[in-house]
Amino acid sequence: MVFVGSDNEDNPTCGGIYMADMADADAGLTSLIDLGVTIVPGTTDEPFTRVAELLAFDGKYVAFWGTWGTDTKQVMNLCPETGNRDRRFFCKCKDENIVKQPTNETAYNETCKAWTDACYGSEEEEKEEGGGPGKIEGVFYQNTTVPTNQGIFVMKVDGKSKSKSKSKSK
C-alpha cells in the first residue's frame, strides 16, 4: 500500500509518500518521497515541498502531484459555464469566496432566488426554452494563489525501494 502522510495538509513542514507491506506488519514504512529532503527530478537541488493527498499506485508505479520551491503566482478560477448544474449554481450564487460581477444585478438576484426556491431547478426546466430559473450571466471568479513550480510525477517502485522518477512541469 502507498499513501501520503504529513503534519499539515495545507502547509506541510514534514511528511511525504510512504509504502507499507500489508503482508508483513513488522516491516515498517518505506519512505518514497520525503518533503524537504527528496530532490525533484530535473532540478539540481530543489526538494519536494508538497505532495497532493491523491495519488495512484498500480503495484509497480506511483503517480502523484508535487511542488518545489516557495514561488507562487495568482490565477483566476472562473465558475464553469457547462457541466454539473448544481456546481454552477453554487459557484455563482452561494460560494462566498467568489467575486460576483453579474451582467444585471436585479436579474442575478431573482435568478439565484429562483434557483434556490426550485432546489436548483430541474434539468428538464433548464433545457426548456424560457423554462426553469434561467441562466446566470456575468463574470464569476476566484483569485487563487498556486505554486509556480509544480508537476505530475510517475515513480517506478521496485519492491521496497524507489528507483526512477519522471516529471512534467506545468
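For the structure, check the block above.
Notes on the structure follow. (Residues numbered from 1 in each chain as written. Predicted model: local features only at pLDDT ≥ 70, side-chain atom pairs only at ≥ 80, totals over all residues. Heavy atoms only, no water.)

1. Focus: the overall build of the protein chain
(1) Moving on: Counting its regular elements, the protein chain contains three helices and 10 strands.
(2) Moving on: Going residue by residue from the N terminus, the α and β elements of the protein chain occur as β-β-β-β-β-β-α-β-α-α-β-β-β.
(3) Moving on: Classification of the 170 residues of the protein chain by burial places 28% in the buried group.
(4) Moving on: The contacts in the protein chain between residues at least 6 apart in sequence include a share of 50% that link residues at least 24 apart.
(5) Moving on: Surface accessibility of the protein chain: about 11,000 Å² in total, with carbon and sulfur atoms responsible for 49%. (Helix = DSSP H or I, 4+ residues; strand = E, 2+ residues; numbered from the N terminus. Buried < 20%, exposed > 50% of the residue type's maximum accessible area, 1.4 Å probe, protein only. Contact = heavy atoms within 4.5 Å. Areas by Shrake-Rupley, 256 points an atom, 1.4 Å probe, with all protein chains shown as cover.)

2. Some thoughts on the side chain of Thr38
(1) Moving on: Assignment of secondary structure puts Thr38 in the loop between strand E3 (29–34) and strand E4 (48–57).
(2) Moving on: Side-chain polar atoms of Thr38 contact the backbone nitrogen of Asp34, separated by 2.7 Å. (Polar contact = N/O pair within 3.5 Å; in protein donor to acceptor, adjacent residues only side chain to side chain.)

3. Let's talk about a nonpolar patch on the surface
(1) Moving on: A surface patch of nonpolar side chains, about 290 Å² in accessible area, is lined by Met76, Leu78 and Val139.
(2) Moving on: As for its placement among the helices and strands, Leu78 is situated in strand E6 (residues 72–78).
(3) Moving on: Since its relative accessible area comes to 56%, Leu78 is described here as exposed. (Patch = residues over 30% accessible without salt bridge, like charges linked within 9 Å, V, L, I, M, F, W, Y side chains within 5 Å. Salt bridge = Lys/Arg side-chain N within 4 Å of Asp/Glu carboxyl O.)

4. Quick notes on the nonpolar core
(1) Moving on: Core analysis: the biggest nonpolar cluster contains 15 residues, and Ile17, Leu32, Ile33, Phe48 and Phe64 have the highest contact counts within it.
(2) Moving on: For this core, the secondary structure elements donating two or more residues are strand E2 (15–20), E3, E4, strand E5 (61–68) and strand E9 (150–158).
(3) Moving on: Leaving out residues up to four positions away in the same chain, Phe64 has contacts with Ile17, Ile33, Phe48, Val51, Leu55, Gly151, Ile152, Phe153 and Met155. (Core = buried A, V, L, I, M, F, W, Y, C linked by side-chain atoms within 4.5 Å.)

In short, shape yes, function no, at least from these values alone.
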